[in-house]
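Residue strings, one per chain:
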Amino acid sequence: MPAAPFAPPTGYEPPPIPPAPPPGPPPAAPFAPPIGYEPPPAPPTAASYPPPQSHYAPPNQPGPPGQPYPPVAPPGWAQPPTQKKSHRTLWITLATIFGVLALGVGSCTVWFVGTVKAPVDESNRFLAAIDTGDYAAAAARTDPGCNAGMSAAALDEIFAGTDISYNLTSSSITNSSATVSGSFSAQGRNFGLIELSLRKQGEWRVCGFQVT
């Protein structure tokens, strides 16, 4: 069964009720500046500066999935200069080739000039002996196998000490035969051209001549 409510004992007097606290001070009135008061000017607004620029270069972005990151050079590292290819070997090779070609051309030129000039030189020696009246020396420069009996006496009979002048200007060579021609004149004679035929048997020798 429920407990009986508490009942004070007989003769119990409850303590007196304390008095109510005194009322507090009235609320303060809002602050109002005195008459004629001017507020101080507002401080200047801080100048706006652009944000500092960063010299940091972002790292290379990664490539598509599955590809490695590209290498990143460390700070302060500079790529070494690319070395230029040397063409020295090429120029040396070309110079050698041109030198060989020039030597070959020069040798061919010397051989050609010597071959063409040889019968002309022999014809000049033959005519020089006639001009000095040394008909024996002139006859010695003929080829007995083709000179048709040309001798010193025969040359003496033809020219008989006559002064001659000549200028051989052309030559033609076919195998071991040659023809040399040029202008020719003899004192008191009506000549204008001379043509000499020569044959080579070891050396060039005169076979005969014709003046017109």
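Residues numbered from 1 in each chain as written. Predicted model: local features only at pLDDT ≥ 70, side-chain atom pairs only at ≥ 80, totals over all residues. Heavy atoms only, no water.

### Topic: unusual backbone geometry
Unlike most non-glycine residues, A148 shows phi in positive territory, near 55°. For A148, a relative accessible area of 80% translates into the label exposed. For A160, which is not glycine, the phi torsion reads 50° and is therefore positive. Among the secondary structure elements, A160 is positioned in the loop between α3 (152-159) and β1 (164-174). Accessibility expressed as a relative area gives 53% for A160, which makes it exposed. (Buried < 20%, exposed > 50% of the residue type's maximum accessible area, 1.4 Å probe, protein only. Helix = DSSP H or I, 4+ residues; strand = E, 2+ residues; numbered from the N terminus.)

### Points about the nonpolar core
Ranked by size, the top nonpolar core spans 22 residues in total, and within it F126, L127, I130, L155, F159, L168 and L196 carry the most contacts. When residues of this core are traced back to their parent elements, those giving at least two are α1 (88-131), α2 (135-140), α3, β1, β2 (177-186), β3 (193-201) and β4 (203-211). Here this core takes 5 residues from α1, the largest share from any one element. When near neighbours in sequence (up to four residues on either side) are disregarded, L127 contacts I164, Y166, L168, I194 and L196. (Core = buried A, V, L, I, M, F, W, Y, C linked by side-chain atoms within 4.5 Å. Contact = heavy atoms within 4.5 Å.)

### Comments concerning the state of the cysteines
Throughout the structure, instances matching the rule amount to 1 disulfide. Covalent S-S linkage joins C146 and C207, the inter-sulfur distance amounting to 1.9 Å. Measuring the twist about the S-S bond at about -75°, one finds the C146-C207 disulfide to be left-handed. Of this pair, C146 sits in the loop between α2 and α3 while C207 sits in strand β4, and the two are 61 residues apart along the sequence. A relative accessible area of 22% places C146 in the partly exposed class. (Disulfide = S-S within 2.5 Å.)

### Thoughts on the pairing of β4
Two strands pair when backbone bridges link them, and β3 and β4 are joined in this way by 8 bridges, in the antiparallel orientation. Bridge assignment links Q201 to a residue of β4, and that residue is E203. Two successive antiparallel strands, β3 and β4, enclose a turn made up of 1 residue, where G202 displays a positive phi of approximately 90°. (Pairing = 2+ DSSP bridges.)

### A look at the confidence of the model for the protein
Low-pLDDT stretches of the model should not have their predicted coordinates read in fine detail. For the protein, the mean per-residue pLDDT works out to 78, and 67% of the residues sit at or above 70. Contacts for the low-pLDDT stretch residues 108-112, under 50 throughout, to residues beyond four places or in other chains number 0 contacts. (pLDDT = per-residue confidence, 0-100.)

### Some points on the pattern of salt bridges
Applying the stated rule across the entire model yields 6 salt bridges. The residue D121 makes a salt bridge to K117 at a minimum N-O spacing of 3.0 Å. Of this pair, D121 and K117 both sit in helix α1, 4 residues apart, roughly one helical turn. The salt bridge involving R205 is made with E122; its shortest N-O contact spans 3.4 Å. Residue R205 is located in strand β4, and its partner E122 is located in helix α1; the two are separated by 83 residues in the primary sequence. (Salt bridge = Lys/Arg side-chain N within 4 Å of Asp/Glu carboxyl O.)

### Digging into the side chain of T162
Relative to the helices and strands, T162 is located in the loop between α3 and β1. Polar side-chain contacts of T162 include one of 2.5 Å to the backbone oxygen of F159. Ignoring sequence-local partners within four residues, the contact set of T162 consists of Y135, A186, Q187 and R189. (Polar contact = N/O pair within 3.5 Å; in protein donor to acceptor, adjacent residues only side chain to side chain.)

### Section: the sheet that holds β2
Taking strand neighbours across the sheet as the criterion, the 4 strands line up as β1-β2-β3-β4 in an open arrangement whose pairing is antiparallel. The sheet is open, and its two borders are formed by β1 and β4, each paired with just one other strand. Looking at each pair of strands side by side, their axes are set apart by 25° on average, direction ignored. Pairing of β2 with β3 involves 7 bridges; the strand directions are antiparallel. Note that in β3 the partner of S183 across the bridge is L193. (Axes fitted to C-alpha atoms, helices over the stretch in contact; angles between N-to-C directions.)

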